[in-house]
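Fold and geometry: a report
Below are the chains, spelled out letter by letter.
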Amino acid sequence: MNIPVFVPHVGCPNDCAFCNQRSITGVTEAPDPGEVERIANEYLSGGKAGSHTIAFFGGSFTGIEPGLQRSYLAHAKKYLDAGRISGIRLSTRPDYIGPAELDLLAEYGVTNIELGAQSMDDGVLAAAGRGHNSEAVRRASHMIKERGFVLGLQMMTGLPEDTPEKALATAEEFIALGADETRIYPTLVMENTRLAAMYRAGSYRPQSVEEAVELGAVLYGRFRAAGVKVLRIGLSDSEDLKGGCVAGPYHPAMGELIIGRYVRNQLESMAENGRLDIRAPKKYFSKIVGIKRCNAEYFLKKGVAFSLTEGNDPLVNGKYSLDF
Ligand code: SF4
């Protein structure tokens, strides 16, 4: 479980077309380094020691002035040294990673580094105004792996100039680069961003929820098959996110929708003689049936009898196993 510390836009001189840190995190100022301990204590009270990770999210951590990075990390390292957390993770830009940055992170016991790669297509990166190319992602990923950190590569879908084919190629390259973890974010058009202006001018068409779900399910399955851990799908829902979202595939439970579709896609090829007899542990029921029973209704509408009973391993029609 992550103990999230949001360090928004600190040290970031970039202006990505989609980014409005305030709407996404609801936080506008960098917390005082001492806040790390207050937040950690709050999360750890009553929790199991050692099972948490302090996670610096929200901006480009290694773009922060090194003295301030050290202050944040020193507070987190106290918890690591005391065995109260199992790791320290952070997110940053690929072009803010170099030998000196990695030396600093290693000194404080950082375990996981996530890069906001967003796409491995240079046209998409340029259209999003990222200010780095795909080579920067390759270079940073190699360095992170060589130094023994856990590598996370985050991607967005539905950016300007992006296509499902380019998104799939991005996923394939993440896998080839040795990504251990990933996050998949369908692009939302937030207020006060260049993307919102492009959308209003008619020069950008966001994904529909259906397009984001269909593509997300394929990406999720590909990462699962390659052993890349999918840490998150879609931004965390919040009032700020909902209120600040101008257009795009907003859904309060995008992750559940996508995993539900991934399950539905598997079931599609398992139906036999108009039947889907599914046995599974109860904890998987909601993923199989889908949000508001959408998967069950989908098959019933197609004339496929859909039955779900409790059992040990997930098994469909007595022989097919399901992956979640
Ligand atoms: S680099 Fe990150 S924080 Fe900076 S503008 Fe882009 S998305 Fe926002």
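Along each chain, residue indices are assigned from 1 in the same order as the chain's sequence is written. Totals for whole chains, interfaces and linings use all residues, but because this is a predicted model, local features are given only for residues with pLDDT of at least 70 and pairs of side-chain atoms are given and counted only at 80 or more.

Attention now moves to the domain arrangement of the chain. Many authors give the size of an interface as the accessible area that is lost as the parts come together. Delimitation of the domains relies on an automatic or database domain assignment. When the domains of the chain are assigned, the result is domain 1 (2-252) and domain 2 (270-321). The distance between the C-alpha centroids of domain 1 and domain 2 comes to 34 Å.

Within the secondary structure layout, glycine 148 lies in the loop between α6 (134-146) and β5 (150-157). C-alpha of glycine 148 to C-alpha of threonine 111: the two residues are 37 residues apart in sequence and 8.5 Å apart in space. The helix count covers DSSP runs of H or I at least four residues long, the strand count covers runs of E at least two residues long, and both are numbered beginning at the N terminus.

Okay, the pairing of strand β4 (residues 112-118) next. In terms of burial, β4 is a largely internal element, 7 of the 7 residues being buried. Burial along β4 is two-sided: the residues Asn112, Glu114, Gly116 and Gln118 and Ile113, Leu115 and Ala117 are all buried. Any two strands are treated as partners once DSSP identifies two or more bridges connecting them. The pairing of strand β3 (residues 87-92) with β4 spans 4 bridges and is classified as parallel. In the strand pairing of β4, serine 91 is matched with glutamate 114. Each residue is classed by its C-beta neighbour count within 10 Å, where at least 20 other C-beta atoms makes it buried, 12 or fewer makes it exposed, and intermediate counts make it partly exposed; the C-beta atoms are placed from backbone geometry.

We now examine the nonpolar core. Side chains that are nonpolar tend, in soluble globular proteins, to be buried together. Ile54, Ala76, Ile113, Tyr220 and Ile258 are the most contacted members of the largest nonpolar core, which totals 80 residues. Counting the residues that make up this core, at least three belong to each of domain 1 (2-252) and domain 2 (270-321). Sequence-distant contacts of alanine 76, defined by excluding residues within four places in its chain, comprise Val36, Ile54 and Ile88. Only buried Ala, Val, Leu, Ile, Met, Phe, Trp, Tyr and Cys residues enter a nonpolar core, and they are joined through C-beta atoms within 7 Å. Note on contacts: residues are paired as contacts if their backbone-placed C-beta atoms lie within 7 Å.

Attention now moves to the packing of helix α2 (residues 35-44) against helix α3 (residues 66-81). Direction vectors running N to C along α2 and α3 enclose 35 degrees, while the axes themselves pass 8 Å from each other. In this structure, α2 crosses over α3, and the sense of that crossing is right-handed. Residues Val36, Glu37 and Ala40 of α2 pack against Tyr72, His75, Ala76 and Tyr79 of α3. In this classification, the charged set is Asp, Glu, Lys and Arg, the nonpolar set is Ala, Val, Leu, Ile, Met, Phe, Trp, Tyr, Cys and Pro, and all remaining amino acids, among them Gly, are polar. Here the contact of α2 with α3 is built from residues that sort into 5 nonpolar, 1 polar and 1 charged. For every element, the axis is a line fit to its C-alpha atoms; helices are fit only across the contacting stretch, and the angle between N-to-C directions ranges from 0 to 180 degrees. Helix crossings fall into two classes, left-handed where the near helix is turned counterclockwise from the far one by less than a right angle and right-handed where it is turned clockwise.

Let us now look at the sheet that holds β4. Hydrogen bonds between backbone atoms are what pair the strands of a sheet, whose relative direction is either parallel or antiparallel. Ordered by their spatial adjacency, 7 strands build an open sheet running β1-β2-β3-β4-β5-β6-β8, and the pairing between neighbours is parallel. This sheet does not close on itself; its edge strands, each paired only once, are β1 (2-6) and β8 (229-233). Between one strand and the next, the sheet's axes are offset by a mean angle of 20 degrees, whatever the strand orientation. As judged from the 4 bridges shared by strand β6 (residues 181-186) and β8, these two strands associate in the parallel manner. Directly across from threonine 182, in β8, lies its bridge partner valine 230.

So, about the packing of helix α11 (residues 254-268) against helix α13 (residues 294-301). Interhelical geometry of α11 versus α13 gives an angle of 30 degrees and a closest axis separation of 10 Å. α13 is crossed by α11, and the crossing has right-handed handedness. Residues Gly260, Val263 and Arg264 of α11 lie in contact with α13, whose contacting residues are Cys294, Asn295 and Tyr298. Of the residues that constitute the contact of α11 with α13, the class distribution is 3 nonpolar, 2 polar and 1 charged.

Attention now moves to the sheet that holds strand β13 (residues 320-321). Read from one edge to the other, the open sheet built from 4 strands follows the order β11-β10-β12-β13, with strand pairing classed as mixed. Single-partner strands in this sheet number two, and they are β11 (305-310) and β13. Taken together, the 2 bridges between strand β12 (residues 315-316) and β13 define a ladder with antiparallel strand orientation. When the sheet's bridge partners are listed, leucine 315 is paired in β13 with serine 321.

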